[in-house]
Amino acid sequence: MLQRIAFCLTVLAVVVLAHAAAARNYHHINPIPFSQTPCSVFDHRPCTPSLCSVFGHWPCIPDINYPYGENLQLTVQTVPPKEDEAKYQRPDHDLNTIGDLFAQLRSCWSPPPTEEAREGMQMSVRFSFKRSGELIGPPRLTFATTGASGDNRSAYMKAINDSLNACLPMKFTDALGGALAGRPLMIRYVDNRDLGSDSGTPPETK
């Protein structure tokens, strides 16, 4: 009986010592500054949440962070605010980040002519890109302003398709093309021009 107790105590001591050694080694293997240190939800802060496959080595930090949710979402205004004008300038290099992609999509937008437009019109479409920068099928309409006529919808859908086609294929880097391929992208187009009497359909009043 005493031999069994002694054996159990020995095994327990070995386990405790091994765990302590592993803990000491863990704190010395990562020289990254603490603000970017990978962590799990059980670790102390500040640190950067890690993202890995269940088959990959842990920990790791993703090369591209997507703070936009499951769908990549973007709002494009026909007349951008002055503080956002820089975000509507077309990049002069291959697209390497989500910010580059969004700037390219904003710069591509060309609204319908005023005689076919509707002041305050909003329309959302959803689509995905191939790795090559081409579209996987045509954009799918997901929302249009209530009360818009069929002619208004057709005019804006044509403008959206023409604007996207004019920018295709997108020139992705290999990294961004691989990360975006097949990922849903939703764009909300907002026609915030002051059309006045040129508007084909006057805005709704409340």
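See the structure shown above.
Bear in mind that the values here come from a model prediction, so they are computed numbers and not experimental data. (Residues numbered from 1 in each chain as written. Predicted model: local features only at pLDDT ≥ 70, side-chain atom pairs only at ≥ 80, totals over all residues. Heavy atoms only, no water.)

**Focus: helix H3 (residues 150–167)**
Just so we agree on the cut-off: Each helix is a run of H or I in the DSSP string that is no shorter than four residues. Each strand is a run of E no shorter than two, and both are numbered from the N terminus. The span one expects for a helix is its residue count, reduced by one, times 1.5 Å. Each residue gets one of three labels from its accessible area relative to the maximum for its type: buried under 20%, exposed over 50%, partly exposed in between, using a 1.4 Å probe on protein chains only. Should any heavy atoms of two residues lie within 4.5 Å, those residues are considered in contact.
Along its 18 residues, H3 runs 26 Å from first to last C-alpha, staying within 8% of the 26 Å computed at 1.5 Å per residue. Buried within H3 we find Asn152, Ala155, Tyr156, Met157, Ala159, Ile160, Ser163, Leu164 and Cys167. The inward-facing, buried residues of H3 contact helix H2 (98–108), strand S4 (122–127), strand S5 (140–144) and strand S6 (185–190).

**Focus on the pairing of S6**
Stated precisely, the cut-off is as follows: Here a strand pair is declared whenever DSSP counts at least two bridges between the two strands.
When strand S3 (residues 72–77) meets S6, the two strands line up parallel, connected through 6 bridges. Bridge assignment links Leu72 to a residue of S6, and that residue is Leu185. One ladder, built from 6 bridges, connects S4 with S6; its direction is antiparallel. Bridge pairing in S6 links Val125 to Ile187.

**Looking at the pairing of S4**
Bridge count between S4 and S5: 4 bridges; the pairing is antiparallel. Residue pairing across strands places Arg126 opposite Arg140, the latter belonging to S5.

**A look at unusual backbone geometry**
Note the cis peptide between Leu168 and Pro169, where omega equals -5°. Among the structural elements, Pro169 can be located in the loop between H3 and helix H4 (174–180).

**A short note on the side chain of Ser124**
If you trace the backbone, Ser124 turns up in strand S4. The residues touching Ser124, leaving out its near neighbours within four places in the chain, are Arg140, Leu141, Thr142, Phe143, Ile187 and Arg188.

**Focus: the pattern of salt bridges**
Filter applied, for reference: Each salt bridge in this description consists of a side-chain nitrogen of Lys or Arg and a carboxyl oxygen of Asp or Glu lying within 4 Å of one another.
In total, this model carries 4 salt bridges according to the counting rule given. Close ionic contact of Asp84 with Lys87 constitutes a salt bridge, the shortest N to O distance being 3.8 Å. By relative accessible area, Asp84 is classed as partly exposed at 22%. The class of Lys87 is partly exposed, set by a relative accessible area of 45%. With a shortest N-O distance of 4.0 Å, Glu134 and Lys130 are connected by a salt bridge.

**Description of the state of the cysteines**
Basically, it comes down to this: The disulfide criterion is simple: two cysteine sulfur atoms within 2.5 Å.
Tallied over the entire structure, the rule returns 1 disulfide. Each sulfur in the disulfide pair Cys108 and Cys167 lies 1.6 Å from the other. Residues Cys108 and Cys167 share a disulfide whose torsion about the S-S bond is about -110°; that sign makes it left-handed. Pair noted here: Cys108 is in helix H2 and Cys167 is in helix H3, with a separation of 59 residues, a long-range link. You'll find Cys108 and Cys167 in the same group, each marked buried.

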